[in-house]
Amino acid sequence: EAQVTQNPRYLITVTGKKLTVTCSQNMNHEYMSWYRQDPGLGLRQIYYSMNVEVTDKGDVPEGYKVSRKEKRNFPLILESPSPNQTSLYFCASSFSSGDTEAFFGQGTRLTVV
Amino acid sequence: GIQVEQSPPDLILQEGANSTLRCNFSDSVNNLQWFHQNPWGQLINLFYIPSGTKQNGRLSATTVATERYSLLYISSSQTTDSGVYFCAVEETGANNLFFGTGTRLTVIP
């Protein structure tokens, strides 16, 4: 089954403790991205990757890192999480940016206390 | 940047009723998608529809790219249709799906 898989689905952590949210897709998509969803602000892009070893900042990249060492995986790294990073996070993938359909993962609900 | 407006912001329907959700966007796009976010937070793809009309069961969508709007039709609504419906567009030349603020639909039995 074609899908985008995020782990974990739920995470509660403490301020400053490094964490990684994994994202994997099995559709051989070149383009992957991360979004966060906050009440009243909708979904906003954090980082995106056009292909392996090619990443770039989205609209809200501060406090996050990403890597794209393999086509299928695009982990989101919070080196020193803070409470303002409490949010619902989504990973997405598509064959390319622009004129192709994007598929989203199930979401990761992160709480930083 | 591109502006995406969805209307209405909230909608309450009796089960079995029909509805039309609208998405207006301010610039030319090469990607438009409709999503349903269920009460558990999952984003479910409904339509990839940068232009034209598509149908999938009780749902259909139409995008008139030249007039910069898209419509999502829900017929014979069911309680499982409840949730938030998002329109998302990608501006020509951009690398970012930009989401509208959504329409929250509540279907009551």
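Residues numbered from 1 in each chain as written. Chains lettered and ligands numbered in written order. Predicted model: local features only at pLDDT ≥ 70, side-chain atom pairs only at ≥ 80, totals over all residues. Heavy atoms only, no water.

Asker: What am I meant to see in the state of the cysteines here?
Answerer: All names here are of chain A. Tallied over the entire structure, the rule returns two disulfides over all chains. With its sulfur 1.8 Å from that of its partner, Cys 23 forms a disulfide with Cys 91. Classification of the bridge connecting Cys 23 and Cys 91 rests on its S-S torsion, roughly -70°, and on that basis the disulfide is left-handed. Residue Cys 23 is found in strand β3 (residues 19-25), and its partner Cys 91 is found in strand β9 (residues 87-94); the two are separated by 68 residues along the sequence. One exposure class covers both Cys 23 and Cys 91, and it is buried. (Disulfide = S-S within 2.5 Å. Helix = DSSP H or I, 4+ residues; strand = E, 2+ residues; numbered from the N terminus. Buried < 20%, exposed > 50% of the residue type's maximum accessible area, 1.4 Å probe, protein only.)

Asker: Explanation requested: the sheet that holds strand β1 (residues 4-7) of chain B in the structure shown.
Answerer: In any sheet, the strands associate via hydrogen bonds between backbone groups, in a parallel or an antiparallel arrangement. All names here are of chain B. Read from one edge of the open sheet, five strands run β1-β3-β8-β7-β6, paired in antiparallel fashion. Edge strands, defined here as strands with exactly one partner in the open sheet, are β1 and β6 (52-56). Direction aside, neighbouring strands of the sheet carry axes that sit 15° apart on average. Of the strand pairs in this sheet, β6 and strand β7 (residues 59-64) are connected by five bridges, and their pairing is antiparallel. Its bridge partner lying in β7, Lys 54 is registered against Ala 61. (Pairing = 2+ DSSP bridges. Axes fitted to C-alpha atoms, helices over the stretch in contact; angles between N-to-C directions.)

Asker: Could you clarify how one ought to interpret the nonpolar core in this entry?
Answerer: Side chains that are nonpolar tend, in soluble globular proteins, to be buried together. Counting 22 residues, the largest nonpolar core has Phe 25, Trp 34, Leu 72 and Val 89 of chain B as its most contacted members. For this core, the elements supplying multiple residues, two or more each, are β2 (10-14), β3 (19-25), β4 (29-37), β5 (43-48), β7, β8 (69-74), β9 (83-91) and β11 (103-108) of chain B. (Core = buried A, V, L, I, M, F, W, Y, C linked by side-chain atoms within 4.5 Å.)

Asker: For this particular structure, what's the right way to read the sheet that holds strand β8 (residues 76-78) of chain A?
Answerer: Residue and element names in this part refer to chain A. Taken in spatial order, the four strands make up an open sheet running β1-β3-β8-β7, and their pairing is antiparallel. Whereas interior strands pair on both sides, the edge strands pair on one side only; in this sheet they are β1 (4-7) and β7 (65-66). With three bridges joining them, β3 and β8 adopt antiparallel strand pairing. Of the residues in β8, the one forming a bridge with Val 21 is Leu 76.

Asker: Looking at this model, I keep getting lost on unusual backbone geometry. Mind explaining?
Answerer: With the exception of glycine, the majority of residues adopt a negative phi angle, and the majority of peptide bonds are in the trans configuration. Along the chain, Asn 7 of chain A connects to Pro 8 of chain A via a cis peptide bond; the corresponding omega equals -5°. Summarising the element assignment, Pro 8 of chain A is placed in the loop between β1 and β2 (10-13). A cis amide bond links Ser 7 of chain B with the next residue in sequence, Pro 8 of chain B, at an omega value of -10°. Secondary-structure assignment places Pro 8 of chain B in the loop between β1 and β2. Within the chain, Asn 28 of chain A stands out as a residue other than glycine whose phi angle is a positive 60°. Mapping Asn 28 of chain A onto the fold places it in the loop between β3 and β4 (31-38). The residue Arg 68 of chain B is not glycine, and still its phi comes out positive at about 60°. For Arg 68 of chain B, the location among the structural elements is in the loop between β7 and β8.

No statement about biological role is implied by the geometric values presented.
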